[in-house]
Amino acid sequence: MNKNSVQNSSTIKPTRQLSLVAVFIFIYIILFEFVLVPVRFFPKPSILFESFISLWDTYNLAVLLFSTTSIIYITLLLGSLILTFLAKYLLKIIYEYPGLMNLSIPFKYLSIFFFALLFNLWFSDSLTAEFIFAILVVLSLLISALNRESQNPKEEYVLTAKSLGLSSEEIYGKVIWKDLQPSIFSGLTKLHVSLWMIILIYEFVGQNEGVGSLYYAAYSYNDIAAVFTLGILISLLILIGNMIIKYLYQKIFFWE
Amino acid sequence: MGVVAINTILNIENLTKDYIDSTGHIVHLLEDIYLNINKEEFTTILAPTGAGKSSLLKIIAGLETSSSGKIEDNSIKKIFIPTESSSFPWLNVKENILFNISDSNDTELQEIINLVGLEGYKNHYPNNKSLGFRFRISLARAMINEANLIVIDEPFTKMRDEVRKGIYLLLRKIQNEKKISVVLGTSNISEAILLSDKIFLMDKDPGRIMDSFEIQFADPIRRNISNSNDFTDYRERIKTYLTKINPSKIINVSL
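Residues numbered from 1 in each chain as written. Chains lettered and ligands numbered in written order. Predicted model: local features only at pLDDT ≥ 70, side-chain atom pairs only at ≥ 80, totals over all residues. Heavy atoms only, no water.

**Q** Explanation requested: the overall build of chain B in the structure shown.
**A** Along chain B, the regular secondary structure elements total seven helices and nine strands. When burial is assessed residue by residue, chain B has 52% of its 255 residues classed as buried. In chain B, the proportion of contacts linking residues at least 24 apart, taken out of those at least 6 apart, comes to 72%. When the accessible surface of chain B is split by element, carbon and sulfur atoms take 46% of a total near 11600 Å². (Helix = DSSP H or I, 4+ residues; strand = E, 2+ residues; numbered from the N terminus. Buried < 20%, exposed > 50% of the residue type's maximum accessible area, 1.4 Å probe, protein only. Contact = heavy atoms within 4.5 Å. Areas by Shrake-Rupley, 256 points an atom, 1.4 Å probe, with all protein chains shown as cover.)

**Q** What exactly am I supposed to notice about the layout of surface pockets here?
**A** A water-sized probe rolled over the atoms picks out the places where empty space is left. All names here are of chain A. Size it by volume and the largest pocket reaches roughly 880 Å³. In this structure, the largest pocket is lined by 24 residues; those nearest its centre are Ser104, Phe107, Lys108, Ser140 and Ser144. Looking at the lining of the largest pocket, the element that brings in the most residues is helix α8 (residues 127-149), giving 10 residues. Among the residues making up the lining of the largest pocket, the classes are represented as 16 nonpolar, six polar and two charged. (1 Å grid on protein atoms, 1.4 Å probe; cavity = no way out; pocket = protein on both sides within 12 Å on 5 of 7 lines; lining within 4 Å. Points joined across faces, edges and corners; volume = space filled by probe spheres on them. Nonpolar A, V, L, I, M, F, W, Y, C, P; charged D, E, K, R; others polar.)

**Q** Explanation requested: the nonpolar core in the structure shown.
**A** Grouped burial of nonpolar side chains is what soluble globular proteins tend to show. Counting 111 residues, the largest nonpolar core has Leu146 of chain A together with Phe135, Leu139, Phe156, Ile193, Ile199 and Ile238 of chain B as the members making the most contacts within it. Element by element, the count of residues in this core is highest for helix α4 (residues 61-96) of chain A, at 11 residues. The residues contacting Leu139 of chain B, other than those within four sequence positions of it, are Ile81, Val116, Ile150, Leu170, Leu171 and Ile174 of chain B. (Core = buried A, V, L, I, M, F, W, Y, C linked by side-chain atoms within 4.5 Å.)

**Q** What should I look at first to understand helix α3 (residues 106-115) of chain B in this one?
**A** In an α-helix, one turn spans 3.6 residues; hence positions three or four apart end up facing the same way. All names here are of chain B. Along α3, the residues that are buried comprise Leu109, Ile112, Ile113 and Leu115. Down the axis, α3 shows its buried residues gathered within 160 degrees of arc, on one side only. With respect to the buried face of α3, the exposed residues turned more than 90 degrees away are Asp106 and Thr107. Residues of α3 that are buried make contact with α2 (93-97), α4 (131-144) and α5 (161-178). (Arc of directions from axis to C-beta.)

**Q** Would you mind going over the sheet that holds strand β2 (residues 26-38) of chain B with me for this structure?
**A** Pairing between sheet strands relies on hydrogen bonds along the backbone, with the strands arranged either parallel or antiparallel. Residues and elements named next belong to chain B. With antiparallel pairing, the three strands of this open sheet are ordered in space as β2-β1-β4. Pairing within the sheet leaves two strands with one partner each, and these edge strands are β2 and β4 (68-73). For this sheet, the mean angle separating the axes of adjacent strands, direction not counted, is 15 degrees. In the sheet, strand β1 (residues 8-20) pairs with β4 via five bridges, with the strands oriented antiparallel. Residue pairing in the sheet places Asn11 in a bridge with Glu72 of β4. The sheet contacts of helix α1 (residues 53-60) involve β1, β2 and β4, and relative to β2 the element is tilted by about 55 degrees. (Pairing = 2+ DSSP bridges. Axes fitted to C-alpha atoms, helices over the stretch in contact; angles between N-to-C directions.)

Given below as structure tokens:
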């Protein structure tokens, strides 16, 4: 997560991003429905549509989508709220006991795939476990962003607050945390995309209730049309999710 | 802290500040600092860049400790205004001024807002506003906190000329009306002469006070006119003194 992630991607306006997606879909329909001979690697758009209907009716796509999106968006929201609540204590640890943060270094080299496997083995097919896994992922990524961004607090704000008689804890909570918020949450769109991938992998590996398990079924049955349909659907959901996050970011962190 | 002379609100004797640099060597940043700040007086510490005036100002404001020496004050309320803008961009003007104040008097707040020239901007946010606008907020905050001493660390260098001149006038006006003592750190001779009642000249490597000048204009109304005879005389005297002491250390004379 870096400061520029939102700014860079927001250089293309949301309406333009949607138009771009629409153009791609249009080209895909023209090419694979009418121009090119059907090939095994790229299914015809009409087959994708049939696949969508079948996923919706037979495989309970709506319920599974609801389950996956609920976990993703609730944990994103909850993770951000927990970080906000804990920020001043975390900053106290970062500034006053920097050695404690180093304890997390060995975990950086373990892939999230390892933890996904572990959670699935420990708590097979449990929605609560999936939720706990997701919230731990969100929190660890947000805390790591806090640790990174807090290395250079704005001296002028700290001096001003000290001069006005604020205690260290008040400075952490009322000044440094407020100042860091825009840079930390600017990475939320990236975190959102990563979380989608991580949760899909988690559900795929454990065949839990969610879109990831549907991917697993499609893979098992060699159903390329279903893989494509789910791929397009999830991309659209991620795109819309990112647009909403960017909108909220600009409203909440108006001073950035 | 002991009690100092009635007219003196802060007295520093034999102050030093050392630190260990990245190579492990001890650096003597400040040495043998003697200075006193008088009640209701505008004092300037004029020094070249890198002389340690920011550290000295932070020590005066109680935000840093010295390595040795004696600092005496009468438990006065000191507010520090740093070089970079210190208004919090997530708070509006009113919230910035009342930051960390639990009970406020609306009439007093409005009076201070009017005095610093921010009337009509109470609910505006300082992000995207000029440095002058933000400095006015810092001044208002110092006044609402009833500061006896405002310590200002070279905030004018990045301001546009016309903004800076407006701020000079405002600072003098507030200092006279509210009877507040001000200490300013600067490397600009003209700025120091225009604003100050007393100037301490500071050397670098290590930073120490070399001399002090009392500034008195024959015609106080012409104080803000930089081409007056008084102004030119003071500027030449200080420039000559600095050149004699150490010609290699450049101090800005432009306004």
